[in-house]
Amino acid sequence: MALHKLELFENNIGVSDAVLLEPIEEEGFIENLKKRFHHEQIYTYIGTVVVSVNPYRKLPLYTDDVIFEYKSRNIYELPPHVYAIADDAYRSMRDKNLDQCIIISGESGAGKTEASKVIMQYVAAVSGKGQDIDKVKEQLLQSNPVLEAFGNAKTNKNDNSSRFGKYMDIEFDYKGDPIGGLITNYLLEKVRMYNNFPVEQFFVEGLAFLTVTLTELSQEIKNICCKPSLSSWAIPLLQKTIMVRTPGKKKVMGVLDIYGFEIFESNSFEQFIINYCNEKLQQIFIELTLKEEQEEYIREGIEWIHVDYFDNSVICDLIEKSNVGILAMLDEECLRPGNVTDTTFLNKLNQTCCEHPHFESRGTKKARSDKSLPHDSFRLRHYAGEVVYKVDGFLEKNNDLLFRDLSQAMYQCQHSLCKDLFPEGDPDKISLKRPPTAGSQFKVSVAELMKNLLSKNPNYIRCIKPNEQKRARVFEEHLVRHQVRYLGLMENVRVRRAGYAFRQLYPQFVYRYKMLSAATWPNWYGVPKDGVKEILIAQDISSDEYTFGKTKLFVRNPRTLFDLEERRRDRMHYLATVVQKIYRGWHQKELFQKMKRSEILIASQWRGYRERQNYLRTRKAIITMQSYQRGWKARQLAKKIRRAKLCLWAVGVIRKYFQGWQVRREYRRKFRSHAVPIMIRFLQVSLKRKFLLDLSKKLPSLSPIDQKWPECSMLHKEASEEIRKIHHRWRCNKYRAKFDDAAKSKMREKVTASNIFKGKKVNYPESVAHPYNGDYIKIRYNTKWQKVASQTGDTQVVFADQVSKIHRSNGKMASKLLVVSTSALLVVDQRSLAVKYRIPVNMIEKLSLSPFSDTLVVVHVKKHENGNKDVKKGDFIFSVDHVIELVAKLYLVIHNSSGATPDVIISPTFQAELSGKSTQMAFKEANSGNNMGGVKISKKNNSFEILET
């Protein structure tokens with residue numbers, strides 16, 4: 001984490017983290033939210049929980065620049081924001097392989113759906129790029145309009161009211177790139193849609209599923225109209241799922257956007273199950289928060305402090321416990337034969353729950369005289385407050401009988417989408433078994449949701465709406481207080497404050513407060529924990545106010561932290577003053593030194609100027625005197641010259657006439673002797689010019705192998721030959737300029753072969769037109785060879801072919817694979833590809849061949865290389881079909897590796913060392929001219945005789 005910018009206390013109005021409020025009171029908490037709200041700071045932390053107040057207007061908080069600021073930053077490093085929670089969850093999932101869940105709760109109009117959109121926007125922005133990834137991102141971002149079309153509409157309270165809980169699992173690959181998503185909906189309330197949603201506002205026209213892939217749903221949709229039931233009861237639509245492709249092993253980040261706790265003037269079955277769901281969410285929230293706190297204490301080696309808090313498990317048991325819970329008794333009444341009504345259900349509750357401290361009705365002793373409680377109602381004391389539920393309609397809504405008839409009717413529609421949406425209406429699948437009740441379905445659904453959330457690392461966003469009119473800059477305290485209570489925010493603050501209110505990593509603490517101790521200022525190079533101790537001792541803070549963990553300092557009282565901040569602020573002002581003082585002193589010193597240097601420079605320049613002026617005046621006087629003197633001397637000399645000129649003039653005139661006469665006489669003589677040769681030379685130049693013009697029109701093609709050349713007269717034969725050579729060199733250069741590196745390499749091999757074999761070996765001309773392919777057996781693509789080459793380091797193959805290896809003792813041939821890499825020559829078994837011999841190229845001394853048409857080559861190895869077992873037996877003899885190519889390539893490989901070139905001996909006889917003995921190799925050319933390159937080898941004493949066949 002970067003230490004250069006910690007802004008928990010910087011640029012903030014009020015307190016950024018409510019855990020640091022002092023004292024912990026509801027009024028102070030709400031006042032802090034209000035103060036921050038009016039300064040466009042709509043986010044506040046409670047530890048790692050984000051409280052979001054809906055501004056009902058656009059704020060510049062969601063730009064690409066803001067996303068960049070929050071990317072890969074610590075949650076407390078910047079002011080509170082949904083981006084901070086999203087980034088922390090995303091990095092924990094990507095880097096620590098911990099599945100995440102972001103739980104967004106609040107009442108209708110508080111901005112839950114917008115918060116989920118902001119989270120998906122952030123994840124899409126910070127994850128990887130690519131065509132497939134961008135497509136999945138677009139699908140996830142476009143999923144909201146599709147889901148809203150099936151359960152959202154404009155109401156009197158909200159422009160986009162969601163009447164179901166929406167849970168989305170965004171799935172990522174191992175790199176953290178999104179690969180798909182899974183969306184699950186909970187509790188679509190048709191009664192609320194009927195009471196609050198005008199049907200025409202719920203009509204969606206022209207909805208085209210352009211990017212979101214709906215599993216097995218029609219994409220030819222023109223209109224969708226979900227007309228709600230006209231009855232006064234709700235049927236829950238549980239776990240309707242929309243999926244986007246999900247291949248391979250995945251990491252998951254879940255986003256839960258769900259209805260908040262509801263307390264209306266008239267509360268019925270819908271509010272009962274909604275509040276039951278919120279009780280379960282509050283239960284796991286407190287449990288996970290305490291678990292997280294306890295784990296951090298254990299991780300830091302600090303003794304766990306017991307936390308007193310309201311445990312709402314007693315309320316959850318009251319509602320969901322088997323056999324004796326409210327839902328169980330409701331199902332029992334629905335299934336019991338006889339005369340059952342909502343009143344008999346209430347009477348059953350009065351009998352079973354009368355002693356429960358969180359249940360009250362007029363049928364119980366403790367509320368019998370409470371006139372505020374109607375006779376047809378019961379009251380539950382939820383964690384968020386007391387709620388009165390009217391039992392009218394409980395049994396009918398719980399039975400869920402109408403859903404079967406609606407499903408069958410919708411399945412009969414002609415549109416294929418209706419059959420996909422209501423598969424349970426298929427007549428072939430109709431079951432006479434009584435369908436499960438709405439309450440039991442919802443209980444199972446909530447249990448599955450809780451199980452899902454408990455399997456992930458939780459993150460929380462609590463949304464609050466500041467007013468009922470959806471007006472910007474209006475903060476109604478009574479409405480906010482109501483939401484603060486039912487969201488359990490003060491309980492959350494108290495749990496977070498239990499024990500130690502603030503904790504910070506040692507390096508961060510030292511970096512922020514190092515100016516409060518002379519030992520740590522300006523830099524601390526020791527262990528960070530020791531630096532923290534120095535600061536606390538210097539500030540005389542009681543040891544009861546803090547404790548040391550393994551990596552963090554834990555501060556018990558927020559006042560201690562605020563005191564440190566105040567002292568830091570004062571110290572910063574002092575240091576700023578010191579810096580200003582030092583800067584001003586330095587600045588004045590620099591100014592003085594600059595002025596002193598300027599004074600010295602001006603004085604020296606002035607002295608130099610005066611000396612130059614004196615010198616110039618003196619020099620001018622001397623020059624004036626010298627000029628007068630030279631003038632006088634010149635005048636005297638002129639007089640003498642005028643007298644001498646009179647004599648010289650006469651002599652000059654005579655000489656001039658005489659010289660003119662001599663020139664004219666010489667010109668006439670030379671003209672007579674040179675006129676004819678000049679005329680002949682002119683004629684020759686004219687003929688050469690005509691020859692060159694004619695030649696330029698008859699030049700041959702640019703191909704270097706084109707041997708044609710225009711004929712000319714004997715007069716220009718020598719010049720024509722020189723021009724032909726120049727033209728040939730020019731077109732060769734043009735031809736070579738077209739080659740790429742690969743072509744140049746092949747041409748280099750051909751040139752090398754020409755230099756070695758041209759005019760020396762009989763079968764060389766046959767190889768000129770043959771292209772050098774190198775790998776004739778495609779060994780570089782063989783997986784076995786790739787494994788062998790990776791072990792020996794011979795991955796770059798220059799030449800590979802099937803050859804015959806000549807046995808050193810008897811001359812017999814054995815079929816092998818010969819491979820030349822950039823570093824070695826290898827003899828390989830052609831079945832297993834096992835390396836039999838590996839001779840590094842720097843151990844090859846020379847190569848020997850006969851001048852005849854055979855294909856044998858002897859590879860001479862250096863004898864002093866005793867460390868290599870492969871060369872101890874001596875030189876190697878191979879019969880290679882592409883022997884010319886092999887020698888040329890091996891020649892270049894050796895040269896490239898060592899910088900030296902091996903000797904290539906081409907002779908009918910030469911010596912080779914075989915099995916430790918010097919052996920003569922004698923080649924004989926066959927009498928017939930139709931030689932096929934084959935040989936017959938025989939050994940006599942210490943010599944091999946090779947006869948062409």
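Residues numbered from 1 in each chain as written. Predicted model: local features only at pLDDT ≥ 70, side-chain atom pairs only at ≥ 80, totals over all residues. Heavy atoms only, no water.

An unreviewed UniProt entry lists the protein chain under the name Unconventional myosin-Ib-like, with Lingula anatina as the source organism. Quoted verbatim from the Sequence similarities (unreviewed entry) field of UniProt, the annotation for the protein chain is "Belongs to the TRAFAC class myosin-kinesin ATPase superfamily. Myosin family." (UniProt positions renumbered as here; feature names shortened; annotations may be inferred.)

> Could you clarify how one ought to interpret unusual backbone geometry in this entry?
Across residues other than glycine, the phi torsion is negative in most instances, and most of the peptide bonds are trans. Here the residue pair Glu22 and Pro23 is connected by a cis peptide bond, since its omega of 0° sits within 30 degrees of zero. Cis geometry is adopted by the peptide bond preceding Pro522, which originates at Trp521 and carries an omega value of 0°. Tracing the sequence through the fold places Pro522 in the loop between α18 (506-513) and α19 (528-538). Positive phi, close to 75°, is recorded for Asn323, a residue that is not glycine. Mapped onto the secondary structure, Asn323 falls in the loop between α9 (313-320) and α10 (326-335). A positive phi angle, near 60°, is found at Leu833, a position not held by glycine. Mapped onto the elements, Leu833 comes out in the loop between β21 (824-828) and β22 (835-840). (Helix = DSSP H or I, 4+ residues; strand = E, 2+ residues; numbered from the N terminus.)

> What should I look at first to understand the sheet that holds strand β29 (residues 935-940) in this one?
Pairing between sheet strands relies on hydrogen bonds along the backbone, with the strands arranged either parallel or antiparallel. Read across the sheet, four strands follow the order β27-β28-β30-β29 without closing on themselves; strand pairing throughout is mixed. With one partner strand each, in any of the chains shown, β27 (909-914) and β29 form the two edges of the open sheet. If you compare each strand with its neighbour and ignore which way they point, the axes differ by 25° on average. (Pairing = 2+ DSSP bridges. Axes fitted to C-alpha atoms, helices over the stretch in contact; angles between N-to-C directions.)

> Hey, could you run me through the packing of helix α3 (residues 82-96) against helix α4 (residues 112-126) in this one?
Helix-helix packing: each pair is described by the crossing angle between the helix axes and the interaxial distance. Relative to each other, α3 and α4 sit at 55°, their axes nearing to 9 Å. Viewed along their axes, α3 and α4 adopt a mutual orientation that is oblique. Note on packing geometry: the crossing formed by α3 with α4 is right-handed. Contacts between α3 and α4 involve Val82, Tyr83, Ala86, Asp87 and Tyr90 on the former and, on the latter, Ala115, Val118, Ile119, Gln121, Tyr122, Val123 and Val126. In terms of residue class, the contact of α3 with α4 is made up of 10 nonpolar, one polar and one charged. (Parallel < 35°, antiparallel > 145°, perpendicular 65-115°, else oblique. Left-handed = near helix turned anticlockwise from the far one by under 90°. Contact = heavy atoms within 4.5 Å. Nonpolar A, V, L, I, M, F, W, Y, C, P; charged D, E, K, R; others polar.)

> Whenever I open this one, the sheet that holds strand β18 (residues 552-555) confuses me. Can you help?
If you trace the three strands from one edge of the open sheet to the other, you get β16-β18-β17, paired in antiparallel fashion. Edge positions in the sheet fall to β16 (502-505) and β17 (546-548), since each has one partner strand and no second. Adjacent strand axes in the sheet meet at a mean angle of 20° when their direction is disregarded. Where helix α8 (residues 269-300) meets the sheet, it contacts β16 and β18, and its direction lies at approximately 125° from that of β18. Contacting β17 and β18, α19 crosses the sheet at an angle of about 160° to β17.

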